[in-house]
Amino acid sequence: MAADEGDSYYDSSGSDSEDAVGDDNGKKLYLRLCDENNVMPISQVVRYLDQGEIQLTRYGIGLRALVPLAKALEVNQSIVTLRLGDNGLNDAAVGLILRALAINTRIQEVDLSMNQMGLAGANSIAELLLSKDSNLTSLNLSHNKLPDKGGAAIVDALYSNTTLTELNLSNNKLAEKTAIALSNSLQVNNVLRHLNVSWNAFRSRGVAAIAEGLTPNLSIQSVDVSWTGVQDAGAEAIGTMLAGNQGLAEIIMSGNGITAIGAQQISQGIQGNDVLASVGLDQNDLRDEGGLAIKAALVENRGSKFTVATYMCR
């Protein structure tokens, strides 16, 4: 991982080999480092280190308090799920956690949503995903400050990553650069199952690129592109994708300015797809014409296989 302002905290703890002996959960190491850094131990951390999941969502944990936790995670042999959402963690703080994840490859599910991660953090995430030792299967990075360049780095790593099955990048600052990189990765990646990129600024061109990547992909089962500026031009690309894709089971396109024209394009794609099971189109301006076109497509294409079909006729 790249050096950052967190290194001074991280390196101040000295050798941890003595504590690691006979300390499979890292509890002794955690308590010693809290004492050395004048940090009050977090009771939940002490309790969770013996379990399979650490849940510290919205806990207000700062950089100094994160150092003992990160070092304990390096030697812990129990934790597989780490939830640190909504803690205001910046790139330096995230860097400490990612360094621990690079060492402890037992951790599979990570939630870093609703923090303050930027480009440096995104690059570190990409580096971790590219590591052959990483076993991450689920990664939630929603509601951060990930810029387009950072998003592109993360999804570019999916090109060669072979473990991640669920990725949430919703509510960031991603745009066309990320969409293009994602398109390239989706055409090769055969592991990712669930993808949420809603509430980003892809616009119709970006969504069209994502749709192009989804067309040959057989592993993605659900994708959410709600509130990404799809509009009718993007809806046409999605319709084309649906006609050719043979793996996607659910697609959500809420709040995208899709009108009856776009709905017609999507309905044509649905008619040619015998795998899709759920379509989300609420908060679009489909009008009666568009809504009826979607409904007719669902009925024509083995309607009983569709579990959800929502649309707004206004």
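Going by the structure above, here's the rest.
For clarity, every value in this text was computed on a predicted model and none was experimentally measured.

*Asks:* For this particular structure, what's the right way to read the environment of Ala122?
*Replies:* Among the structural elements, Ala122 can be located in helix H7 (residues 119-130). Under the relative-accessibility criterion, Ala122 is labelled buried at 0%. Between the C-alpha atoms of Ala122 and Lys149, which are 27 residues apart in sequence, the distance is 8.7 Å. Not counting chain neighbours up to four residues away, the residues in contact with Ala122 comprise Met117, Leu146, Gly150 and Ile154.

*Asks:* Looking at this structure, I do not really get unusual backbone geometry. What am I missing?
*Replies:* A negative phi angle is the norm for most residues apart from glycine, just as the trans form is the norm for most peptide bonds. The phi angle at Asn171 is positive, at roughly 55 degrees, despite the residue not being glycine. Mapping Asn171 onto the fold places it in the loop between strand S5 (166-168) and helix H9 (176-186).

*Asks:* Sorry if this is basic, but what is going on with the nonpolar core here?
*Replies:* Note that soluble globular proteins tend to have their nonpolar side chains buried in a common cluster. Leu69 and Leu112 are the most contacted members of the largest nonpolar core, which totals 87 residues. Looking at which element gives the most residues to this core, the answer is helix H5 (residues 63-75), with 8 residues. Excluding anything up to four places from it in sequence, Leu112 contacts Leu84, Leu89, Val94, Leu98, Met117, Ile125, Asn140, Leu141 and Asn144.

*Asks:* Explain the pattern of salt bridges here, please?
*Replies:* Here the idea is simple: oppositely charged side chains can pair when their charged atoms come close. Summed over all chains, the structure comprises 8 salt bridges. Note that Glu176 is salt-bridged to Arg205, the shortest N-O span being 3.1 Å. Linking Glu176 in helix H9 with Arg205 in helix H10 (residues 203-214), this pair joins segments that are 29 residues apart in sequence. By relative accessible area, which is 61% here, Arg205 ends up exposed. Look at the salt bridges and you will find they share partners, linking Glu53, Arg83 and Glu109 into a network.

*Asks:* Whenever I open this one, the side chain of Asn172 confuses me. Can you help?
*Replies:* Of note, Asn172 is situated in the loop between S5 and H9. Within the structure, the side chain of Asn172 is placed 3.2 Å from the backbone oxygen of Ser170, a separation counted as a polar contact.

What counts and how
Residues numbered from 1 in each chain as written. Predicted model: local features only at pLDDT ≥ 70, side-chain atom pairs only at ≥ 80, totals over all residues. Heavy atoms only, no water. Helix = DSSP H or I, 4+ residues; strand = E, 2+ residues; numbered from the N terminus. Buried < 20%, exposed > 50% of the residue type's maximum accessible area, 1.4 Å probe, protein only. Contact = heavy atoms within 4.5 Å. Core = buried A, V, L, I, M, F, W, Y, C linked by side-chain atoms within 4.5 Å. Salt bridge = Lys/Arg side-chain N within 4 Å of Asp/Glu carboxyl O. Polar contact = N/O pair within 3.5 Å; in protein donor to acceptor, adjacent residues only side chain to side chain.

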